[in-house]
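Per-entry structural report
Now for the letters of each chain:
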Amino acid sequence: MELSSLCTSKKKQAKRQNFPRLNKSQLPVTCGCKDGVLHLKKYYNKQKCIFSEGQWFKPTEFERFGMMERNKKWRTSILCSGIPLQKLIQDGFLSSINFMKCKVQETQNKKSSVGLEQQDEKINDNQENDNDDGGGGGGIDMSMFEGPTLPVTCGSESGILHKHRFASGRCGRCIRTENFWLSPEDFVRLNKPDGTWRKDIVAHGKPLGKLITKRVLELHTVNCDCEICQELDQYLNDDVCFVCDSEGDLVCCDECPRAFHSQCHIPAADGDSPGQWSCTFCVMKNMEDSSQKTQQDVLSSPVSQYTLHCQCLLLHLLHESVTDPCINVPENSENICGPIMLGRVKMNLKNDDYQTVQQFLSDIEYTFHHCTSNRDNDFSKMTSRLKELFETIFRLL
């Protein structure tokens, strides 16, 4: 399979002095082939704020209307005089409004009040069951539930729950597993088809129903009209780049949850190509198994025969260099370890500077040696990880 097409467009660059003159109440906007007017008062009130061709749209709806829904990032898809709204937000010309979040309000209409009362009854039942576990319901160390994410399990399945994506059982793909973003109900179905998400999904030994009563998680109203609750097919991919763990204009894989900055991916993604796109990991996974070789056979082979394998291995290491303290060593004030020095390996691979796979791996080990000077234990851990990835990705005998 050839890495040839993408699901996003590259972010256009614009200098601050070239920004358009902003009207106090309205902005002319475009998205794909559609023109519209963004009404700022409605925008700040999180209402349908873009008027186009006789209709009102939310930003995500206008993105679909302009045939740019593959981007999944309305802030970069919608332009004002050719400049992405994201750039206006970053430079302080426009405030950032989060259309994803909708908290439970104290004043609700009758329908939502009834719905929440029914939900609270189920939650209270779970709370009573939870209080019978011998701990009396007291003495919970709430500090372990702080932060933007929670490790969760349901039976043998595990994942990471991202609080800002949580809405309810059915809405909000908030649980990231190895291969998918799932709603709580979908996560339960993987292991307990007859289970209930409030009771059977557990974080640090406590069910989600208990965490809702403790305000660790905020349940959206029954009639919530935020993006999470209305756009059930959105948010299938990560919010940050797999390689550098930061936000921005991301290229989303159509086969897995990963997303990348165009230049972080290996090979670099062409931001102007529309259509379906698969990341290097998925292309590698879809390759037919060829006859396995011995380690020595692979090491002596030209890199050109194993380009995809080398790219996949390097992506893994770049990802881990951001998240693994053994690679991204905090004591190093110049921070030359991990990403920067592996970036040199990435450039050499791109320029075809390696003749054999052995040269490619030796250069990575050389990088590890410089990152772990006088720390033999760290160097041993990193070379062991390299060996593990090498044997897995190259499918050695």
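Heads up: the structure comes first, above all this text.
Here we summarise the structure given alongside this text. The structure displayed is predicted, hence computed values, not measured ones. (Residues numbered from 1 in each chain as written. Predicted model: local features only at pLDDT ≥ 70, side-chain atom pairs only at ≥ 80, totals over all residues. Heavy atoms only, no water.)

**A look at the sheet that holds strand 9 (residues 175–176)**
For the record, the criterion: A strand pair is defined by DSSP finding two or more bridges across the two strands. Helix numbering and strand numbering both begin at the N terminus, where a helix is a DSSP run of H or I of at least 4 residues and a strand a DSSP run of E of at least 2.
Strand order across the open sheet formed by six strands is 10-9-8-7-11-12, with antiparallel pairing between neighbours. The open sheet terminates on both sides in strands that have one partner only, identified here as strand 10 (181–182) and strand 12 (206–207). As paired elements, strand 7 (residues 149–154) and strand 8 (residues 157–162) share six bridges and run antiparallel to each other. In the sheet register, Cys-154 faces strand 8, and the bridge partner there is Glu-157.

**A closer look at the packing of aromatic side chains**
Our working definition: Two aromatic rings, drawn from Phe, Tyr or Trp (for Trp, its six-membered ring), form a pair once their centres lie within 6.5 Å of each other, and the interplanar angle then sorts them: stacked below 30 degrees, edge-to-face above 60, tilted otherwise. Accessible area is worked out with a 1.4 Å probe on protein chains only. A residue is then buried under 20% of its type maximum, exposed over 50%, and partly exposed in between. Placement of a positive charge over a ring is assigned whenever Lys NZ or Arg CZ falls within 6 Å of the ring centre and within 35 degrees of the normal to the ring plane.
Enumeration according to the criterion identifies nine aromatic pairs in this entry. Where Phe-57 meets Phe-62, the ring centres are 6.0 Å apart and the plane angle is 50°; that geometry is what we call tilted. You'll find Phe-57 and Phe-62 in the same group, each marked buried. Among the aromatic residues, those joined into a ring-pair cluster are Phe-242, Phe-260, Trp-277 and Phe-281. The ring of Phe-65 is capped by Lys-34, whose NZ or CZ atom sits 4.6 Å from the centre of that ring.

**Examining the pairing of strand 7**
On strand 7, burial follows the alternation: Leu-150, Val-152 and Cys-154 on one face are buried, whereas Thr-149, Pro-151 and Thr-153 on the facing-out side are not. Hairpin remark: strand 7 followed by strand 8, antiparallel, with two residues in the connecting loop; positive phi at Gly-155, about 65°. Both strand 7 and strand 11 (residues 202–203) contribute to a ladder of two bridges, which runs antiparallel. Counterpart to Thr-153 in the pairing with strand 11 is Val-202.

**A look at unusual backbone geometry**
In this structure, the amide linkage connecting Ile-266 to the following residue, Pro-267, adopts the cis form with an omega of 0°. Its identity as a non-glycine residue notwithstanding, His-204 has a phi of 50°, on the positive side. Here His-204 shows up in the loop between strand 11 and strand 12.

**Overview of the pattern of salt bridges**
When the charged atoms of two side chains with opposite charge come close together, those side chains can pair. The criterion, for reference: A pairing counts as a salt bridge when a side-chain nitrogen of Lys or Arg comes within 4 Å of a carboxyl oxygen of Asp or Glu.
All chains considered together, the criterion is met by seven salt bridges. A salt bridge links Asp-238 to Arg-176; the shortest N-O distance between them is 2.8 Å. Residue Asp-238 is located in the loop between helix 9 (227–230) and strand 13 (250–252), and its partner Arg-176 is located in strand 9; the two are separated by 62 residues in the primary sequence. In this structure Asp-238 comes out as buried when scored by relative accessible area, which is 11%. Its salt-bridge partner being Glu-185, residue Arg-189 comes within 3.6 Å of it at the nearest N-O pair.

**Description of the side chain of Asn-348**
Note the threshold: Whenever two N or O atoms come within 3.5 Å, that pair is a polar contact, provided that in protein one can donate a hydrogen and the other can accept it, and provided that, for residues adjacent in sequence, both atoms are side-chain atoms. Note on contacts: a residue pair is in contact if any heavy atoms of the two residues lie within 4.5 Å.
Position of Asn-348 among the secondary structure elements: in helix 13 (residues 339–350). Judged by its relative accessible area of 16%, Asn-348 falls in the buried class. In terms of polar contacts, Asn-348 uses its side chain to reach the side chain of Tyr-354, at 3.3 Å. When residues no more than four places from it in sequence are discounted, the contact partners of Asn-348 are Asp-353, Tyr-354 and Asp-363.

**Concerning the environment of Asp-200**
Summarising the element assignment, Asp-200 is placed in helix 7 (residues 197–200). Through-space distance from the C-alpha of Asp-200 to that of Phe-187 is 9.9 Å; in sequence the pair is 13 residues apart. Those residues in contact with Asp-200, other than ones at most four positions away along the chain, are Thr-153, Cys-154, Lys-192 and Gly-195. At 2.8 Å, the side chain of Asp-200 forms a polar contact with the backbone nitrogen of Thr-196.

**Here's the deal with the nonpolar core**
Going by this rule: Definition used in this section: a nonpolar core is a set of buried Ala, Val, Leu, Ile, Met, Phe, Trp, Tyr and Cys residues joined via side-chain atoms within 4.5 Å.
In this structure, Leu-313, Phe-360, Ile-364 and Phe-394 are the most contacted members of the largest nonpolar core, which totals 46 residues. At the level of elements, strand 13, strand 14 (259–261), helix 10 (280–285), helix 11 (295–299), helix 12 (307–323), helix 13, helix 14 (357–371) and helix 15 (376–393) are the ones that each hand at least two residues to this core. A per-element tally of this core places helix 12 first, with eight residues. Counting residues in hydrophobic clusters, the runner-up holds 21 residues, among them Cys-31, Ile-50, Ile-89 and Leu-94.

**Some details on helix 6 (residues 184–191)**
Note the following rule: Directions from the helix axis toward the C-beta atoms define the arc.
Buried within helix 6 we find Pro-184, Phe-187 and Val-188. One side of helix 6 holds all its buried residues, which, seen down the axis, span an arc of 100°. As for helix 6, its buried residues are in contact with strand 7, strand 8, strand 9, strand 10 and helix 7.

**Things to note about the pairing of strand 2 (residues 34–39)**
Of the two faces of strand 2, the one holding Lys-34, Gly-36 and Leu-38 is buried and the one holding Asp-35, Val-37 and His-39 is not buried anywhere. Judged from the six bridges that link them, strand 1 (residues 26–31) and strand 2 form a sheet pairing that is antiparallel. Pairing of Cys-31 across the sheet is with Lys-34, part of strand 2. Following strand 1, the chain reverses through two residues before pairing antiparallel with strand 2; Gly-32 in that reversal takes a positive phi of roughly 65°. Bridge count for strand 2 against strand 3 (residues 50–52) is two bridges, and the pairing is antiparallel. Bridging across to strand 3, Val-37 finds its partner in Phe-51.

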